[in-house]
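Residues per chain, in single letters:
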Amino acid sequence: MAESDRKRRSTRNSKMVSSPVVTKMQAIMQKEMVREFLAEFMSTYVMMVFGLGSVAHMVLGEKFGSYLSVNLGFGFGVTMGVHMAGNISGAHMNAALTFTNCALGRMSWKKFPVYILGQFLGSFLASATIYCLFYSAIIQFSGGHLTVTGPTATAGIFATYLPEHMTLWRGFLDEVIVTGILQLCLFAITDKENNPALQGTQALVIGILIVVIGLSLGMNTGYAMNPSRDLPPRFFTFIAGWGIQVFRDRDWWWVPVVAPLLGAYLGAIVYLVFIGSSIPRRPQILENSMKYEDRRIPVLPKTMSNPPTTLTPVSVSPANRPSVRTVPPLSDSIHLEHF
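Fair warning: this is a prediction, and the values are worked out from it, not measured in the lab.

Colleague: Can you help me understand a nonpolar patch on the surface in this one?
Modeller: On the surface, Tyr67, Leu68, Leu72, Phe76, Leu204, Ile208, Val212 and Leu215 cluster together into a nonpolar patch covering about 680 Å² of accessible area. Within the residue set of the nonpolar patch, elements represented by two or more residues are α3 (67–85) and α8 (202–217). Looking at the element boundaries, valine 212 is found in helix α8. A relative accessible area of 45% places valine 212 in the partly exposed class.

Have a look at this one:
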């Protein structure tokens, strides 16, 4: 009996201790910025695991992967990320898109570091996950020497590197244009005033967009288009054994960070100026028009087949005069489209 009483007391005490902790954790998790941080973290992690995993298959096992499979991996990784975080944070998964939304006033700048931190941590953890999963294959393929360039280079599994046929500034221009096209198409897909993707299909359409960009424009620079996709994995390879060469190789490391920011902003401006401003808007309904729907004043036709009957004036004494009902202002009760 004494032992069972002790167990009951310990269980009761643990509940008393854990209950405030759980309540506090739940309160923290319900905060908007915390939820957005976790949404960006998880969606970026999923996108990068699928994307980097497909690159690992192409590099380490030729018969298991191809350039098409890499594009499909990143494309459908983005689709899964949008499904995961679309209604919470917007599923940016891309620092360039977050920067553009803040620069255009669509999102508060105070959220910028929250989104970027979530994206960078998700991308870094995804790199660590792929490294652990493919460690044996990486060591076997490279002979135990982790290199950035050469026939047994494996750093390209995690980050992009400039190929021999490209110069640094051509690569910069390429990233600006490719990221600009990405942002341009994203605005078209999600613009409800234009011809957006059908409700529920946006994630799939965005994933297809990534696949198409990779298949048509990915050869020159690996279509990074995203500082969150390139910089955290590069940091991981620096720590994991590839060394400082991941930053020194042709001084490329800063281009996938800076060029996408410029490209996304320019792509957004092009859409808003050339497409967004030319879209005809629906007729606006004056505020409060629905409040007085039963008391709207009808607009009479200009001609009538039967003339109105002449009414005889009736004098009404002040005592018997009916009370006057206040009619709302015309601006509150008439649709603009009536005119």
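Colleague: I tried to follow the pattern of salt bridges on my own but got confused; where do I start?
Modeller: Should the charged atoms of two oppositely charged side chains come close, the side chains can pair. A complete count under the given rule lists three salt bridges for this structure. Between lysine 111 and glutamate 32 there is a salt bridge, with the nearest N and O atoms lying 3.1 Å from each other. You can see lysine 111 sitting in the loop between α4 (95–103) and α5 (112–133) and its partner glutamate 32 sitting in helix α2 (residues 32–60), a full 79 residues away along the chain. In this structure lysine 111 comes out as buried when scored by relative accessible area, which is 13%. Where arginine 234 meets aspartate 230, a salt bridge forms, and the shortest distance between an N and an O atom there is 2.6 Å. Linking arginine 234 with aspartate 230, this pair stays in helix α9 (residues 227–242), spanning four residues, or about one helical turn. With respect to class, arginine 234 is no different from aspartate 230; both count as buried. One connected set of salt bridges, linked through shared partners, spans Glu32, Glu36 and Lys111.

Colleague: Would you take a moment to explain the packing of helix α7 (residues 168–190) against α8 for this structure?
Modeller: Any two packed helices are characterised by how steeply their axes cross, that is the angle between the axes, and by the distance between the axes. For the pair α7 and α8, the least separation of the axes is 11 Å and the interaxial angle reads 155°. Classified by the angle between their axes, α7 and α8 sit roughly antiparallel to one another. For the crossing formed where α7 meets α8, the hand is right-handed. Within the contact between the two elements, α7 uses Asp174, Val178, Ile181, Leu182, Cys185, Leu186 and Ile189 and α8 uses Val205, Ile206, Leu209, Ile210, Ile213 and Leu217. The residue makeup of the contact of α7 with α8, split by class, is 12 nonpolar, no polar and one charged.

Colleague: Hey, could you run me through the UniProt feature "transmembrane region" (unreviewed entry) in the protein in this one?
Modeller: In the numbering used here, UniProt assigns the "transmembrane region" (unreviewed entry) feature to residues 37–60, 66–85, 114–138, 169–189, 201–219 and 253–274. Within residues 201–219, the helical portion is 84% and the strand portion 0%, while the C-alpha atoms at the span's ends are 28 Å from each other. The span residues 253–274 is 91% helix and 0% strand, and its two end C-alpha atoms sit 33 Å from each other.

Analysis parameters
- Residues numbered from 1 in each chain as written.
- Predicted model: local features only at pLDDT ≥ 70, side-chain atom pairs only at ≥ 80, totals over all residues.
- Heavy atoms only, no water.
- Patch = residues over 30% accessible without salt bridge, like charges linked within 9 Å, V, L, I, M, F, W, Y side chains within 5 Å.
- Areas by Shrake-Rupley, 256 points an atom, 1.4 Å probe, with all protein chains shown as cover.
- Salt bridge = Lys/Arg side-chain N within 4 Å of Asp/Glu carboxyl O.
- Helix = DSSP H or I, 4+ residues; strand = E, 2+ residues; numbered from the N terminus.
- Buried < 20%, exposed > 50% of the residue type's maximum accessible area, 1.4 Å probe, protein only.
- Axes fitted to C-alpha atoms, helices over the stretch in contact; angles between N-to-C directions.
- Parallel < 35°, antiparallel > 145°, perpendicular 65-115°, else oblique.
- Left-handed = near helix turned anticlockwise from the far one by under 90°.
- Contact = heavy atoms within 4.5 Å.
- Nonpolar A, V, L, I, M, F, W, Y, C, P; charged D, E, K, R; others polar.
- UniProt positions renumbered as here; feature names shortened; annotations may be inferred.

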